Every structure is written in structure tokens, then in C-alpha cells.
Amino acid sequence: MASFRQAASLLAQAHPAVILWNATRGALIGFTPDRQLCETIEGETGIPCATTALATVDLLRRRNLRRIGLVAQGDDPDGARLKQTFAQEGIEIVAGHNFGITDNFEAASVTPEQIEAQVIRLSTVADLDAVLIWSTNLAGHGLSARLGKHLGMPVLDSAALGILAAMPYVDD
């Protein structure tokens, strides 16, 4: 937490409207640390704080999207852990694909076509509410709207959801 606090203190010097931690990896340990991080940053800087992970959970709950297909960068143990942490938030990961990548730079080299193929495959699971591309390192933002229309279900990109969570704090 000390390094996050130090980074937030430095960011606060620029007087931003919001501090956004646009990362998904922390969900492997659960969502409570993200909540604590936001509380700490807001308390110490007076600046609203959001995280990609919390924004995603909030959106899924608001839209009542409880049965999810998850495309993630990590390995199978990471996928199993994400299934547990999302379940603690009332969201069931029904089906998933893990690219088996733990290096962020390597994850950025996964092509949109590879992501799209997995989203399409997962979308065929019965009673699925949405497919979530879960990594700020996977280039899913450009696929979401088009695939959502094509598949007839929401396709959500976690990095984009984090940015959307910060937008209400930004002046026009």
C-alpha cells in the first residue's frame, strides 16, 4: 500500500479531477484491497479514486449481468482464483479462456483476432449474460461494441470500463 500511497501523493500534486488505478490484476486477491485503496487515496488526497476492478463489478451489478464469460490474460490458476473473487461479489464466471500469460508486455501482443475468437467461443455458453475481456493489457476496447451487436449480448472491456468510471469526475 505504501507505494500506491506515494504514487497517489505525487499524482495529487497535479490536481486531477480523479485518480484512476486502471488495473485488473489485483482482483486475484479480491476486491477489498481496491476498496481500501480508494478510501485511503480519497482520505489522504481529497481526490475521488476509482479502480477498473471496482468499476467493472459496479457495472455488472447495475446491469444485472451475473453470469459471465471471462477472457483473461493469466494462467488457469489465475482463472480459478478470479472465479472465486468474482463469486464473492455475486458474479458467476460460467466459462472462461485464459491466455496463459503473466507478463504484461507479452499480453499486449495478443491480437484482436485472438481475443475475438475467444469472445465468440464463450458467447455460445447457455444463459450467459455478457462476455468480459479482463485485462488492461488485452486490446479488447475496439472489439466490444461491434461484437456485442453481432453476438446480441454485452461484450465488455475492463480497461474501457475503468476509464468510463472516471468520466463523471471530468469537467466538459
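What you see is a predicted model; the values in this text were computed from it and never measured. (Residues numbered from 1 in each chain as written. Predicted model: local features only at pLDDT ≥ 70, side-chain atom pairs only at ≥ 80, totals over all residues. Heavy atoms only, no water.)

Some points on helix α8 (residues 158–166)
Next, step 1: Of all the residues in α8, the buried ones are Ser 158, Ala 159, Leu 161, Gly 162 and Ala 166. Looking straight down α8, one finds that the buried residues subtend no more than 160° of arc, so they occupy a single side.
Next, step 2: Check the buried side of α8 and you find it contacts β1 (19–21), α3 (52–62), β5 (130–134) and β6 (155–157). (Buried < 20%, exposed > 50% of the residue type's maximum accessible area, 1.4 Å probe, protein only. Helix = DSSP H or I, 4+ residues; strand = E, 2+ residues; numbered from the N terminus. Arc of directions from axis to C-beta. Contact = heavy atoms within 4.5 Å.)

Quick look at the nonpolar core
Next, step 1: If you look at the biggest cluster of nonpolar residues, it comprises 30 residues, and the most contacted ones within it are Leu 60, Leu 82, Phe 86, Leu 132, Trp 134 and Leu 156.
Next, step 2: Elements represented by at least two residues in this core include exactly α1 (2–12), β1, α2 (32–45), α3, β3 (67–72), α4 (76–87) and β5.
Next, step 3: When residues of this core are assigned to their parent elements, the largest contribution, five residues, is made by α3.
Next, step 4: Leaving out residues up to four positions away in the same chain, Leu 132 has contacts with Thr 56, Leu 60, Ile 68, Gly 69, Leu 70, Val 71, Phe 86, Leu 156, Ser 158 and Leu 161.
Next, step 5: By size, the runner-up hydrophobic cluster in this structure holds 17 residues, among which are Val 71, Ala 95, Ile 115 and Leu 128. (Core = buried A, V, L, I, M, F, W, Y, C linked by side-chain atoms within 4.5 Å.)

Regarding the side chain of Asp 34
Next, step 1: Along the chain, Asp 34 turns up in helix α2.
Next, step 2: For the buried Asp 34, which has no salt bridge, the nearest side chain bearing the opposite charge is Arg 35, at an N-O separation of 8.3 Å.
Next, step 3: Those residues within four positions of Asp 34 in sequence are excluded, and the remaining contacts are Thr 51, Ala 53 and Leu 54. (Lys, Arg positive; Asp, Glu negative; His and termini not counted. Salt bridge = Lys/Arg side-chain N within 4 Å of Asp/Glu carboxyl O.)

Notes on the pairing of β3
Next, step 1: Here β3 lies mainly inside the structure; five of its six residues are buried.
Next, step 2: Sheet analysis places β3 next to strand β4 (residues 92–98), joined by six bridges and oriented parallel. Within β4, the position partnered with Ile 68 by the bridge is Ile 93.
Next, step 3: Note that the unit made of β3, α4 and β4 has a crossover that is right-handed.
Next, step 4: As judged from the five bridges shared by β3 and β5, these two strands associate in the parallel manner. Looking at β5, one finds that Ile 68 is bridged to Ala 130. (Pairing = 2+ DSSP bridges. Right-handed = clockwise from strand over helix to strand, strands pointing away.)

Let's talk about the packing of aromatic side chains
Next, step 1: For the structure on display, the rule yields three aromatic pairs.
Next, step 2: Measuring from centroid to centroid gives 5.3 Å for Phe 4 and Trp 21, while their planes differ by 85°, and the two rings are edge-to-face. In this pair, Phe 4 sits in helix α1 while Trp 21 sits in strand β1, placing the two residues 17 residues apart along the sequence.
Next, step 3: A relative accessible area of 38% means that Phe 4 is categorised as partly exposed. (Phe/Tyr/Trp six-rings, centres within 6.5 Å; stacked < 30°, edge-to-face > 60°.)

Focus: the layout of surface pockets
Next, step 1: Space inside the largest pocket adds up to approximately 220 Å³.
Next, step 2: Ranked by the residues each element gives to the lining of the largest pocket, the list is headed by α2, at three residues.
Next, step 3: Class assignment for the residues of the lining of the largest pocket results in nine nonpolar, three polar and one charged. (1 Å grid on protein atoms, 1.4 Å probe; cavity = no way out; pocket = protein on both sides within 12 Å on 5 of 7 lines; lining within 4 Å. Points joined across faces, edges and corners; volume = space filled by probe spheres on them. Nonpolar A, V, L, I, M, F, W, Y, C, P; charged D, E, K, R; others polar.)

Regarding the environment of Ala 55
Next, step 1: You can see Ala 55 is positioned in helix α3.
Next, step 2: Sequence separation of Ala 55 and Gly 162 is 107 residues, and the distance between their C-alpha atoms is 5.8 Å.

Here's the deal with the environment of Ala 87
Next, step 1: One can find Ala 87 in helix α4.
Next, step 2: Sequence separation between Ala 87 and Ser 109 is 22 residues; the distance between their C-alpha atoms is 29 Å.

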